[in-house]
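# Coordinate inspection notes
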Amino acid sequence: EAGVAQSPRYKIIEKRQSVAFWCNPISGHATLYWYQQILGQGPKLLIQFQNNGVVDDSQLPKDRFSAERLKGVDSTLKIQPAKLEDSAVYLCASSEAVPGNTIYFGEGSWLTVV
Amino acid sequence: GDSVTQMEGPVTLSEEAFLTINCTYTATGYPSLFWYVQYPGEGLQLLLKATKADDKGSNKGFEATYRKETTSFHLEKGSVQVSDSAVYFCALGYNQGGKLIFGQGTELSVKP
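Structural notes, computed from the coordinates. Here the residue numbering is sequential within each chain, running from 1 through the sequence in written order. Working convention: letters from A go to chains and numbers from 1 go to ligands, in the order in which they are written. Side-chain atom pairs in this predicted model are given and counted only at pLDDT of 80 or more, local residue features only at pLDDT of at least 70, and totals for whole chains, interfaces and linings cover all residues. Only hydrogens and water are set aside when side-chain values are computed; all heavy atoms of the structure are taken into account.

Moving on to the layout of surface pockets. In this structure, the largest pocket spans a volume of roughly 650 Å³. Looking at the lining of the largest pocket, the elements that each hand over two or more residues are strand 9 (88–95) and strand 11 (109–113) of chain A together with strand 10 (86–93) and strand 12 (106–111) of chain B. When the residues that make up the lining of the largest pocket are grouped by side-chain class, the tally is 15 nonpolar, 12 polar and 4 charged. Within this model, the second largest pocket holds a volume of roughly 240 Å³. Here a cavity is any set of points on a 1 Å grid over the protein atoms alone where a 1.4 Å probe fits but cannot get out, and a pocket is any open set with protein on both sides within 12 Å along at least 5 of 7 lines; a residue lines the site when it has an atom within 4 Å of a point. Residue lining of the second largest pocket: 14 residues in total, with A:Gly3, A:Tyr104, A:Phe105, B:Leu44 and B:Gln45 positioned closest to the centre. Grid points are joined across faces, edges and corners, and a volume is the space filled by probe spheres set on the points. Strands here are runs of E lasting at least two residues and helices are runs of H or I lasting at least four, both read from the DSSP assignment and numbered beginning at the N terminus. Side-chain classes are defined by residue name, with Ala, Val, Leu, Ile, Met, Phe, Trp, Tyr, Cys and Pro counting as nonpolar, Asp, Glu, Lys and Arg as charged, and the others, Gly among them, as polar.

And the structure:
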């Protein structure tokens, strides 16, 4: 079974530039998550989708971050304009829409803002 | 609000040593508890979980028991191997909603 796919794996940009990350969840998984993991910290949820609807985006900095999940499958996370403190690993994860099901993570997209 | 606290790392052990990584939590409800592991260059993988008080999760020689009275979910392994070197994350989550709240992670380094 294919896992959660993310791209690009690594990205270096200058502050105030924009960047986009793409995620393809495990086939059939209705729930998709984007987490931000700053070096030395645990992952923090940015946004959760159920199919193509947003369930929780309370910790998404909406002035610069946006995310969409068109057609309830792939998702894109965008940052514009980037700040130095956005340097982190952006993890995409997915799970079946059944309470208590395991959440599966991708390998992450490493962002460095210089 | 809910939170998870793990012991500070890095933890350095010799091969075959006993491992304990402490994890305590604060929860407003009755969460499930998880340990995830992140090997170098790889994504987070579920190691084990427990869904209610007194449950014991186990996998690959690792164990953790959900202790409601001490709000803890300590990870243990009787004999670690070099291949266990990784970062370990404790997390809590609720069945309804699904999102996980993570601790800060504990890096384990096992020397031969």
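Residue and element names in this part refer to chain A. Here, the term disulfide refers to a pair of cysteine sulfur atoms separated by no more than 2.5 Å. All told, the structure shown has 2 disulfides over all chains when counted by the stated rule. Through a disulfide, cysteine 23 is tied to cysteine 92; the S-S separation comes to 1.9 Å. Because the sign of the S-S torsion sets the handedness, a value of about -70 degrees for the bond joining cysteine 23 and cysteine 92 places this disulfide among the left-handed ones. Placement of cysteine 23 in strand 3 (residues 19–24) and of cysteine 92 in strand 9 is noted, with a sequence separation of 69 residues between them. As far as the burial class goes, cysteine 23 and cysteine 92 line up, both buried. The buried label applies to any residue whose accessible area, calculated with a 1.4 Å probe on protein chains only, is under 20% of its type's maximum; exposed applies above 50%, and partly exposed to all values in between.

The next point concerns the environment of B:Ala50. Residues and elements named next belong to chain B. Position of alanine 50 among the secondary structure elements: in strand 6 (residues 44–50). According to the relative accessible area criterion, alanine 50 is buried, its value standing at 2%. On a C-alpha basis, the gap between alanine 50 and phenylalanine 34 in space is 6.6 Å, while along the polypeptide they are 16 residues apart. Non-local contacts of alanine 50, meaning those with residues more than four positions away in its chain, are made with Ser32, Leu33, Asp55, Gly57, Tyr66 and Phe73. Contacts are assigned to residue pairs with any non-hydrogen atoms lying within 4.5 Å of each other.

Further remarks concern the interface of chain B and chain A. Contacts between chain B and chain A engage 17 residues on the former and 19 residues on the latter. Buried surface at the junction of chain B and chain A, summed over both partners, amounts to about 1400 Å²; 51% is from carbon and sulfur atoms. The rule for a salt bridge is simple: a side-chain nitrogen of Lys or Arg has to be within 4 Å of a carboxyl oxygen of Asp or Glu. At the surface where chain B touches chain A, the tally comes to 1 salt bridge. Across the salt bridge formed by B:Lys99 and A:Asp56, the nearest N and O atoms sit 3.2 Å from each other. N or O atoms within 3.5 Å of each other form a polar contact, as long as, within protein, one can give a hydrogen and the other can take it, and as long as residues adjacent in sequence are counted only when both atoms are side-chain atoms. Taken together, chain B and chain A are joined by 3 residue pairs in polar contact (both at pLDDT 80 or more). Throughout, the accessible surface (probe 1.4 Å) given up by two parts as they are put together, summed over both, is called the buried area.

Pairing between the strands of a sheet comes from backbone hydrogen bonds, and it takes one of two forms, parallel or antiparallel. Residues and elements named next belong to chain A. Taken together, the 4 strands give an open sheet; going across it, the order is 1-3-8-7, and neighbouring strands pair in antiparallel fashion. Only two strands of the sheet have a single neighbouring strand rather than two, namely strand 1 (5–7) and strand 7 (65–68). Averaged over neighbouring strand pairs, the angle between their axes works out to 15 degrees when direction is ignored. DSSP calls a pair of strands paired once it identifies at least 2 bridges connecting them. In terms of strand pairing, strand 7 meets strand 8 (residues 75–79) through 4 bridges, oriented antiparallel. Looking at the pairing, phenylalanine 65 lines up with isoleucine 79 of strand 8. Between the N-to-C directions of two axes lies an angle of 0 to 180 degrees, each axis being a line fitted to C-alpha atoms and, for a helix, fitted only over the stretch in contact.

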